[in-house]
Number of protein chains: 2
Amino acid sequence: MAQSLPDTYKVWRLKRRPQGIIQDGDLELDEVPMPPLQDGEVRVQTLYLSLDPTDRIWMSDRKQYMPPVPLDQPMRGPIVGRVVESRQPGLQPGDNVEGTPQIELGHWADYLVGKEGDFRLVPRHNELPLVDYFGQMAIVAPTAYIGLMEIATPKAGETLVVSTAAGAVGSIVGQIGKILGCRTVGIAGSDEKCQWVTDELGLDACLNYKTDNLEARLEAACPDGIDVYFDNVGGPILDTVLGQMNNFGRIAQCGTISDYNAATPPPGPTNYPLILMRRLTVRGFIVLDHPERYQEAVSEVTKWILEGKIKFRQHIVDGIENAVEAVKMLYRGENQGKLLVRVAPE
Amino acid sequence: MAQSLPDTYKVWRLKRRPQGIIQDGDLELDEVPMPPLQDGEVRVQTLYLSLDPTDRIWMSDRKQYMPPVPLDQPMRGPIVGRVVESRQPGLQPGDNVEGTPQIELGHWADYLVGKEGDFRLVPRHNELPLVDYFGQMAIVAPTAYIGLMEIATPKAGETLVVSTAAGAVGSIVGQIGKILGCRTVGIAGSDEKCQWVTDELGLDACLNYKTDNLEARLEAACPDGIDVYFDNVGGPILDTVLGQMNNFGRIAQCGTISDYNAATPPPGPTNYPLILMRRLTVRGFIVLDHPERYQEAVSEVTKWILEGKIKFRQHIVDGIENAVEAVKMLYRGENQGKLLVRVAPE
């Protein structure tokens, strides 16, 4: 049944580069007239918007892996939505499509207009509900799977440590580590999160980095040292882990969230020279560089989810107008699982 | 002609772990009775002792890639010498042999006694004079060649930067970079060294890091950014180079000499997060881990030396009693090329 289109749509624009934590006024919600559709274009109503730690990078003008979001432009972000109007062959009203930063579309808006190639159909054969498919498969599972398999390369019997172990990517990494036969130790920011990681996800141990003496507790949890570190945080936790890496260990540097809100760059790890002494390999990793392994990642992790071997949580906030308040939670560690904004009911 | 053996030999022992720069009394020269030779042993008179930046690591008890030299024990170091007495089949008086840390022998002494396997014959087919063979091939050329080929993997047309470009390893790295077809830029500690690097070795540019504004001069010397960094120094220079690395760049971390004399570990590189943003690979490298490529390294670099494509300097200090004064030069940047102590005339 055709939906009547509103006269206006809502879009968050980046007005000012945040200094430190995101402040009111750094982004503004704009309401603008719905543009007419040109030949070859498609109009999509956003169902879910993905919020990710990398958003804070894109808001800044620090050196980064994609161009910063320009000021006054819509804030970038992966979305899944439904085609509501199409003048593009191959897409029909009712189709579910993704717009992700790989293809330079997807932003924080309740309606989007795209040209050919800006959106791709959600694969119909995926057995997960749309919200789970999008929440887990757009960014999270490929990041975890490819980052482990391609960059960190853990082997059965090795010790794997993962930071943000209760977070969206970290929780998948930890569970894949167990599937691969690693001793797997998580690091997270509360006792509640750690309990979920060990009791529900089945990791061998999980350490709350906010309580004292992480170094000694990590040493106790990793009696044979650390072979692989999947790092999402950087900062002092990275330094502590570096101190316990085994010879020929690998570090997948997937994020450094501890410095995303820093006004000036914090000092690097004091243990950096151990990269030499222990002959470590440290490799930066952005999932967008590895499209060739995307499908494999999606199908493997989907299979493990359906088999009950991988569990996940999603944290859903309603309403595009709440996107900024929601994204702040990521940097305070307040979200419980993958953070999504539900922009419209499915 | 048989030489008469002295009644005593001289050996430097580590008496105290240096705090900061090496002080008088950290090592002591001991003169002890020459032990009788047991069955299966060989006695070697040291001709040359190799002094290398890593010596300062071995003197310390920091976390390192081999066990620290124990206190009161002979200081470890690669040597080449001549067999003067043998009760070991396969080695005859007059044979030239090497004792290197790979085989846990070689130390700062004018005579050494070893069991089977402690020494290996200097290959007779190498066309270089003994002092050049030992100075360049024991440590330097394999480190430069294997570190580049196995770890840093520069390709023709890429930009390669090397620190300690006038040093023993760095000068070979830079020249191999040119042979491979890279734009090759050195960093060194004086205008004289830089002039030698560009005028004699043929690098495209060489920057004196002790004069102002290394960052801007590096940017000018590397207009297309930096693809590969062969780093021997760590510290602030590494941080500056990190800031100019291209996407998917590689860093061979071969040394961090800037911190070898530090009493407390200096902060790590502020630009560490660029490992993520630029998807860099940073890999620690110790030549001893790669014996399988040793012969290839020696024969390739020997060939280039004989063809005049690779030049080198050696800095020879006479007398085992001057070993400690000599090694200090390495950390002040005072040596001109590979540093050796001539312990006895050939």
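Let me begin by describing the structure that accompanies this report.

Quick look at the overall build of chain A
Part 1 of the reasoning: Within chain A, the secondary structure is distributed over 9 helices and 15 strands.
Part 2 of the reasoning: Its C-alpha atoms give chain A a radius of gyration of 21 Å, within 12% of the compact-globule value 20 Å for 346 residues.
Part 3 of the reasoning: For chain A, the C-alpha atoms occupy an extent of roughly 65 × 45 × 35 Å along the three principal directions.
Part 4 of the reasoning: Out of the 346 residues in chain A, the part that is buried amounts to 60%.
Part 5 of the reasoning: The contacts of chain A with a sequence gap of at least 6 include a subset with a gap of at least 24, amounting to 68%.

Details of the pattern of salt bridges
Part 1 of the reasoning: One pass over the structure, following the stated rule, counts 42 salt bridges over all chains.
Part 2 of the reasoning: For R62 of chain A, the salt bridge identified is with D259 of chain A, shortest N-O distance 2.9 Å. With a gap of 197 residues between them, R62 of chain A in the loop between α1 (54-59) and β4 (79-86) and D259 of chain A in the loop between β12 (245-253) and α7 (274-277) connect regions that are remote in the sequence.
Part 3 of the reasoning: For R62 of chain A, a relative accessible area of 24% gives the class partly exposed.
Part 4 of the reasoning: Taking the shortest distance from any N to any O, the salt bridge between R332 of chain B and E334 of chain B comes out at 2.9 Å.
Part 5 of the reasoning: One continuous salt-bridge network, built from bridges that share partners, spans D24, E325 and K328 of chain A.

Description of the interface of chain A and chain B
Part 1 of the reasoning: Each side of the interface is counted separately: chain A has 36 residues, and chain B has 36 residues.
Part 2 of the reasoning: Counting the surface chain A buries against chain B, the share from its top three residues, Y272, L276 and M277 of chain A, is 24%.
Part 3 of the reasoning: Taken together, the connections running from chain A to chain B amount to 2 salt bridges.
Part 4 of the reasoning: Of the charged contacts, one joins R279 of chain A and D289 of chain B as a salt bridge, the two residues approaching to 2.6 Å between their closest N and O atoms.
Part 5 of the reasoning: Inspection of the region where chain A meets chain B yields 10 residue pairs in polar contact (both at pLDDT 80 or more).
Part 6 of the reasoning: Along the lines of polarity and charge, the residues of the side of chain A that touches chain B split into 20 nonpolar, 9 polar and 7 charged.
Part 7 of the reasoning: Relative to strand β13 (residues 281-284) of chain B, strand β13 (residues 281-284) of chain A runs antiparallel, the two being bridged by 3 bridges. Note on β13 of chain B: the bridge partner recorded for V282 of chain A is V282 of chain B.

Thoughts on the relation of the copies chain A and chain B
Two copies of the chain are present, and they differ by a rotation about an axis and a shift along that axis.
Part 1 of the reasoning: With an RMSD of 0.0 Å, the operation that places chain A on chain B is a rotation of 180 degrees combined with a shift of 0.0 Å along the axis. Here the two chains are linked by the operation of a two-fold rotation axis. No C-alpha of chain A approaches the rotation axis more nearly than that of G268 of chain A, which lies at 1.9 Å.
Part 2 of the reasoning: Residue by residue, 100% of the interface of chain A is reproduced at the interface of chain B, so both copies engage with the same surface.

With respect to the side chain of D95 of chain A
All names here are of chain A.
Part 1 of the reasoning: Secondary-structure assignment places D95 in the loop between β4 and β5 (96-99).
Part 2 of the reasoning: When its relative accessible area of 10% is taken as the criterion, D95 is described as buried.
Part 3 of the reasoning: Of note is the side chain of D95, whose polar atom sits 2.7 Å from the backbone nitrogen of Q92.
Part 4 of the reasoning: Residues within four places of D95 in sequence aside, it is in contact with G81, R82, V83, G90, L121 and R124.

Brief notes about the pairing of strand β9 (residues 183-188) of chain A
All names here are of chain A.
Part 1 of the reasoning: Counting buried positions over the 6 residues of β9 gives 5, a clear majority of the element.
Part 2 of the reasoning: Strand direction decides the pairing type here: strand β8 (residues 159-162) and β9, joined by 4 bridges, are parallel. The residue bridging L160 from the neighbouring strand is T184, located in β9.
Part 3 of the reasoning: Regarding the hand of the β-α-β motif, the stretch spanning β8, helix α3 (residues 168-179) and β9 is right-handed.
Part 4 of the reasoning: Note: β9 against strand β10 (residues 205-208), 4 bridges, orientation parallel. Bridge pairing in β10 places I187 opposite L207.

Focus: the state of the cysteines
Residue and element names in this part refer to chain A.
Part 1 of the reasoning: Applying the stated criterion across every chain yields a total of 0 disulfides over all chains.
Part 2 of the reasoning: Here C206 is not cross-linked by a disulfide; its sulfur's nearest cysteine counterpart is in C194, at 3.0 Å.
Part 3 of the reasoning: For C206, a relative accessible area of 14% puts it in the buried group.

Analysis parameters
Residues numbered from 1 in each chain as written. Chains lettered and ligands numbered in written order. Predicted model: local features only at pLDDT ≥ 70, side-chain atom pairs only at ≥ 80, totals over all residues. Heavy atoms only, no water. Helix = DSSP H or I, 4+ residues; strand = E, 2+ residues; numbered from the N terminus. Rg over C-alpha atoms; globule rule 2.2 N^0.38 Å. Buried < 20%, exposed > 50% of the residue type's maximum accessible area, 1.4 Å probe, protein only. Contact = heavy atoms within 4.5 Å. Salt bridge = Lys/Arg side-chain N within 4 Å of Asp/Glu carboxyl O. Buried area = accessible area lost by both parts, 1.4 Å probe. Polar contact = N/O pair within 3.5 Å; in protein donor to acceptor, adjacent residues only side chain to side chain. Nonpolar A, V, L, I, M, F, W, Y, C, P; charged D, E, K, R; others polar. Pairing = 2+ DSSP bridges. Least-squares fit on C-alpha atoms with pLDDT ≥ 70 in both. Right-handed = clockwise from strand over helix to strand, strands pointing away. Disulfide = S-S within 2.5 Å.

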